[in-house]
Amino acid sequence: MKTFIIIGVLAAVYIVFVIIKLMKLNSRAKEIAAKAMKEREQQREKVVEDEPLVSEDGVLSLHDRQYIACGANLIYLRGERLDTLETDTEQDEIRHMLRRDWHINTRDKLLSTIDGLATKGHRIYFKPIWQILTTLPVRERAEALDKLQQDFAAKGDDAPIEQYAANISECYKHLREVSDCFEGKKCKLDALTWDLGRAINLCRWGYDAGFLSREESMRYIRKFGKELLHNYTSWANLGENYLIGFAMWTGDIEQLDELHGGHCDLLSEDSSPWVLLESK
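What you are looking at is a predicted structure, and each value in this text was computed from that prediction instead of being measured. (Residues numbered from 1 in each chain as written. Predicted model: local features only at pLDDT ≥ 70, side-chain atom pairs only at ≥ 80, totals over all residues. Heavy atoms only, no water.)

Engineer: Sorry if this is basic, but what is going on with the nonpolar core here?
Structural biologist: In a soluble, globular protein the nonpolar side chains are often hidden away together inside. Counting 38 residues, the largest nonpolar core has L98, W102, L202, W205, I221, L228 and L238 as its most contacted members. A per-element tally of this core places helix 9 (residues 192-209) first, with 8 residues. Counting 31 residues, the second-largest nonpolar core is a separate cluster that includes I129, L133, L145 and C171. (Core = buried A, V, L, I, M, F, W, Y, C linked by side-chain atoms within 4.5 Å. Buried < 20%, exposed > 50% of the residue type's maximum accessible area, 1.4 Å probe, protein only. Helix = DSSP H or I, 4+ residues; strand = E, 2+ residues; numbered from the N terminus.)

Engineer: How should the side chain of D64 be read in this particular structure?
Structural biologist: In this structure, D64 sits in helix 2 (residues 62-69). Owing to a relative accessible area of 5%, D64 belongs among the buried residues under this scheme. Polar side-chain contacts of D64 include one of 2.8 Å to the side chain of R222. (Polar contact = N/O pair within 3.5 Å; in protein donor to acceptor, adjacent residues only side chain to side chain.)

Engineer: It is not clear to me how the side chain of N73 should be interpreted in this structure. Could you clarify?
Structural biologist: Note on placement: N73 falls in helix 3 (residues 72-78). Accessibility expressed as a relative area gives 2% for N73, which makes it buried. Discounting residues that sit within four places of it in the chain, N73 has contacts with G239, Y242, L259, H263, L266 and W274. (Contact = heavy atoms within 4.5 Å.)

Engineer: Honestly, the packing of aromatic side chains in this entry has me stumped. Any pointers?
Structural biologist: Think of a pair of aromatic rings as described by two things: how far the centres are apart, and how the planes are tilted against each other in angle. According to the stated counting rule, one finds 11 aromatic pairs in the structure shown. Their ring planes at 65° and their centres at 4.9 Å tell us that W130 and Y172 sit as a pair that is edge-to-face. Pair noted here: W130 is in helix 6 (residues 123-135) and Y172 is in helix 8 (residues 161-177), with a separation of 42 residues, a long-range link. For the pair W130 and Y172, a shared accessibility class is recorded, and that class is buried. Following the ring pairs from residue to residue traces out a cluster consisting of F126, W130, Y172 and F182. (Phe/Tyr/Trp six-rings, centres within 6.5 Å; stacked < 30°, edge-to-face > 60°.)

Nothing here speaks to function; it is geometry throughout.
This is the structure we're talking about:
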């Protein structure tokens with residue numbers, strides 16, 4: 001009996017330790033988010049200056065925190081919480097962001113978008129493009145990419161395949177040569193985190209916006225988080241697949257470097273969930 005009590009006390013102390021460490025990283029995230037908003041959105045008058053409210057969330061297990069941490073790449077740069085279901089961003093601001101960036105203004109639209117990321121996402125383009133770029137001679141790639149474009153067009157999908165391919169080529173080289181990404185024999189490249197990491201964030205925002213119940217949101221997050229942790233052997237590789245998906249989508253090296261900076265923080269800061277919470 002005493003042994004169970006001791007184990008319970010040690011577990012409680014560890015959880016408190018994790019929460020305290022994550023609070024420190026949340027402060028760092030807010031600094032980065034404020035700087036990014038100043039540089040990119042000079043027209044926006046509101047800059048978040050206050051520390052986020054600490055939400056005591058005794059419901060989340062350590063596994064739940066791992067699953068939430070799978071979406072940390074974007075959330076960290078936004079200066080939102082990394083360790084709770086709640087992001088601690090005001091509901092009106094969340095709803096405005098969902099309308100502006102995702103064209104989401106209803107529960108049905110949110111669920112449809114989450115389902116699209118879960119079942120298709122951008123990885124359906126990345127995989128065949130990557131196959132072409134890594135298996136065919138340069139002289140044969142243009143024809144193969146044009147054929148791939150036609151195949152998607154026949155399904156009513158007008159995705160810019162050639163542009164995606166150009167973005168992948170340039171940004172992959174940049175991430176390898178400048179940022180030392182994609183090292184190691186067990187490194188996978190499939191852009192899955194770009195899709196499911198964003199889906200996890202949408203579940204959190206959907207909960208904050210009042211579109212999802214706590215139970216619904218966590219059910220989705222657990223499903224997506226388990227798939228991501230099963231797919232990758234390290235937080236580094238998991239995060240890199242968010243970076244390559246973003247790179248394919250935008251091709252913006254400057255924004256990619258900013259995102260990579262947050263990625264490095266998440267891998268190195270003592271208070272990061274990627275440092276505190278083992279991925280396996």
